[in-house]
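Next come the chains, spelled out residue by residue.
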Amino acid sequence: MKEAMLYDKLKEGKVKCNLCNHRCLISPSKKGICAVRENRAGTLYSLVYGSAVSTNVDPIEKKPLFHFLPGSRSYSIATVGCNFKCLHCQNSEISQIPRDHDRIIGKNYGCKEIVEDALNCNCKSISYTYTEPTIFFEYAYDTAKLAHKEGIKNVFVTNGYMTSETLKTIGPYLDAANVDLKAFSDDFYKDICGAKLNFILDSIRLMKELGVWVEVTTLIIPRLNDREDELQKIAEFIKEVGEEIPWHVSAFYPTYKLLDYPRTPAKTLHTAREIGLNAGLRYVYCGNIPGDEGENTYCYNCKELLIERQGYLISKNRVKDDLCPACGVKIDGIDL
Ligand code: SF4
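Keep in mind it's a predicted model, so treat the numbers as computed, not measured.

Q: Residue-level account of the sheet that holds strand β15 (residues 247-251), with values.
A: Reading across the sheet, the eight strands line up as β8-β9-β11-β12-β13-β14-β15-β16 and stay open at both edges, with mixed pairing between neighbours. Because the sheet does not close on itself, it has two edges, and the strands there are β8 (54-59) and β16 (284-287). Along the sheet, successive strands turn relative to each other by an average axial angle of 20°, direction set aside. Here strand β13 (residues 176-180) runs beside strand β14 (residues 213-220); their pairing, made up of five bridges, is parallel. Bridge pairing in β14 links Ala176 to Trp213. Strands β14 and β15 of the sheet are contacted by helix α8 (residues 228-241), whose axis makes an angle of about 155° with β15.

This is the structure we're talking about:
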């Protein structure tokens, strides 16, 4: 157990957690919504510090990040827990176990060890992923600081529900983030995730201000968030924050508690991609349909094919010194 960061001590032994925008008010002996932060006698503790439930070496493209150290490996870690309760969670067996089964599992794994293993595995970054990094913030924060000392970059794969205080705290150590923008309606966020849309939009804006490289992902679920006007609103929002932000539109498959909805047809993703490009976004990618031309990177200026992908693998990268070899325009991203 580790004393939490970013919380207030209140009267009668209560505490207020300021890590995510639920801002839970927690009485003694109780936990917050994420079920991995507990008030013990007026002090808030993280129950998952140093307790990794999942560790893997992944291609950075799996996060997905297509414009950040392409072709590199990312050392990926997670603890159990999440501050959302998405009905379609693809990692529910680890994200929801504290809430669904009142269990916290994981192996003892120190921050120093993570960084050493990342170095030994020739990883250029550490990704805090699979579950929501905000809820294991102290663990991620301490690891991220050590990683920077060793020249390793840090990546959050996140639902974007952290508070501005949290983002500003990790900001100096956070190099890139993929933020899930799951829909553009309050009803979707309330009914499907148990959250509110506006806070995610604020986080994306703030990440850009803090100089974090941001890519956005929307998992498109038939009948729930696939209306063209909603996709248009997402594209317009991203454009307003930055036309260089890559938008990944990816295919849903039935999972967890959302088993009555069909897989997303490829046609829907192609339509979403068209909407994004027509709205002025420079890079829009189709995900979860390997072999689709929407996985490739094209120059936004002259349309030259720049990076060819097959799923998470790069088969050809023609970008040189971050420039398009055909027209010479700068392609957005980090070390392309
Ligand atoms: S991190 Fe957990 S305890 Fe803290 S505000 Fe969010 S859900 Fe509540």
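Moving on from the coordinates now.
Q: Just give me the short version of the site of the ligand, but keep the residues and values in it.
A: In the region of the ligand, the neighbouring residues are Cys17, Leu19, Cys20, His22, Arg23, Cys24, Gly32, Ile33, Cys34, Arg37 and Asn83. Considered class by class, the residues forming the shell around the ligand number six nonpolar, three polar and two charged.

Q: I'd like a rundown of the nonpolar core, residues and numbers included.
A: Counting 87 residues, the largest nonpolar core has Phe84, Ile126, Leu181, Tyr189 and Trp247 as its most contacted members. Among the domains, domain 1 (2-46) and domain 2 (51-301) are the pair contributing at least three residues each to this core.

Q: Go over the state of the cysteines with me, naming the residues and quoting the values.
A: Overall, the coordinates contain zero disulfides when judged by the stated rule. Cys123 takes part in no disulfide bond, and the closest cysteine sulfur to it belongs to Cys121, at a distance of 5.3 Å.

Q: Any chance you could break down the pattern of salt bridges for me, citing the residues and the numbers?
A: In a structure, side chains of opposite charge can pair up when their charged atoms sit close to one another. A full pass over the atoms with the stated rule returns 17 salt bridges. Its salt-bridge partner being Asp202, residue Arg205 comes within 3.0 Å of it at the nearest N-O pair. A residue pair is termed a helical-turn pair when its members lie 3 or 4 positions apart in one helix, as Arg205 and Asp202 do in helix α7 (residues 197-210) at three residues. Between Glu244 and Lys208 there is a salt bridge, with its nearest N and O atoms 2.9 Å apart. Of the two residues, Glu244 sits in the loop between α8 and β15 while Lys208 sits in helix α7, which places them 36 residues apart along the sequence. Classification of Lys208 by relative accessible area gives partly exposed; the value is 23%. A network of salt bridges, in which partner residues are shared, links Asp58, Lys62 and Lys63.

Q: Explain the sheet that holds strand β2 (residues 7-9) to me, and be specific about the residues and the numbers.
A: With antiparallel pairing, three strands are arranged side by side in an open sheet as β2-β3-β4. Edge positions in the open sheet fall to β2 and β4 (25-26), since each of these has one partner strand only. One ladder, built from three bridges, connects β2 with strand β3 (residues 15-17); its direction is antiparallel. The partner of Asp8 across the bridge, within β3, is Lys16.

Q: For the side chain of Thr134, give the residues involved together with the corresponding values.
A: You can see Thr134 is positioned in the loop between β11 (125-128) and α4 (137-149). Setting aside residues up to four positions removed in sequence, Thr134 forms contacts with Leu19, Cys20, Thr158 and Met162.

Q: Go over the packing of α7 against α8, please, and point to the residues and values.
A: The N-to-C vectors of α7 and α8 enclose an angle of 25°; their axes lie 10 Å apart at closest approach. What the angle tells us is that α7 and α8 run roughly parallel. Between α7 and α8 the crossing geometry is right-handed. Of α8, the residues touching α7 (which contributes Leu201, Ile204, Arg205 and Lys208) are Phe237, Glu240 and Val241. Here the contact of α7 with α8 is built from residues that sort into four nonpolar, no polar and three charged.

About the criteria used
- Numbers given to residues run from 1 along each chain, matching the order in which its sequence is written.
- The predicted nature of this model means local features are confined to residues of pLDDT at least 70 and side-chain atom pairs, given and counted, to a pLDDT of 80 or more, with totals for whole chains, interfaces and linings taken over all residues.
- Derived side-chain values reflect all non-hydrogen atoms in the structure, with water molecules and hydrogen atoms excluded from consideration.
- A pair of strands is labelled paired if DSSP reports no fewer than 2 bridges between them.
- A run of H or I in DSSP becomes a helix once it reaches four residues, and a run of E becomes a strand once it reaches two; helices and strands are each numbered from the N terminus.
- Convention adopted: a line fitted to C-alpha atoms gives each axis, helices being fitted over their contacting stretch, and angles between N-to-C directions are expressed from 0 to 180 degrees.
- We call two residues in contact when some of their heavy atoms are within 4.5 Å.
- When we say a residue is near a molecule or strand, we mean one of its heavy atoms is within 4 Å of it.
- Each residue gets one of three labels, nonpolar for Ala, Val, Leu, Ile, Met, Phe, Trp, Tyr, Cys and Pro, charged for Asp, Glu, Lys and Arg, and polar for the others, Gly among them.
- We call a set of buried residues a nonpolar core when its members are Ala, Val, Leu, Ile, Met, Phe, Trp, Tyr or Cys and they connect through side-chain atoms within 4.5 Å of each other.
- For the exposure calls, accessible area comes from a 1.4 Å probe over protein chains only, and a residue counts as buried if that area is under 20% of its type's maximum, exposed if over 50%, partly exposed in between.
- Boundary definitions for the domains trace back to an automatic or database domain assignment.
- Here, a disulfide means two cysteine sulfur atoms that sit within 2.5 Å of each other.
- By convention in these notes, a salt bridge is any Lys or Arg side-chain nitrogen within 4 Å of a carboxyl oxygen on Asp or Glu.
- The scheme is simple: roughly parallel for angles under 35 degrees, roughly antiparallel for over 145, roughly perpendicular for 65 to 115, oblique for anything else.
- Left-handed describes a crossing whose near helix is turned anticlockwise from the far helix by less than a right angle; the clockwise case is right-handed.

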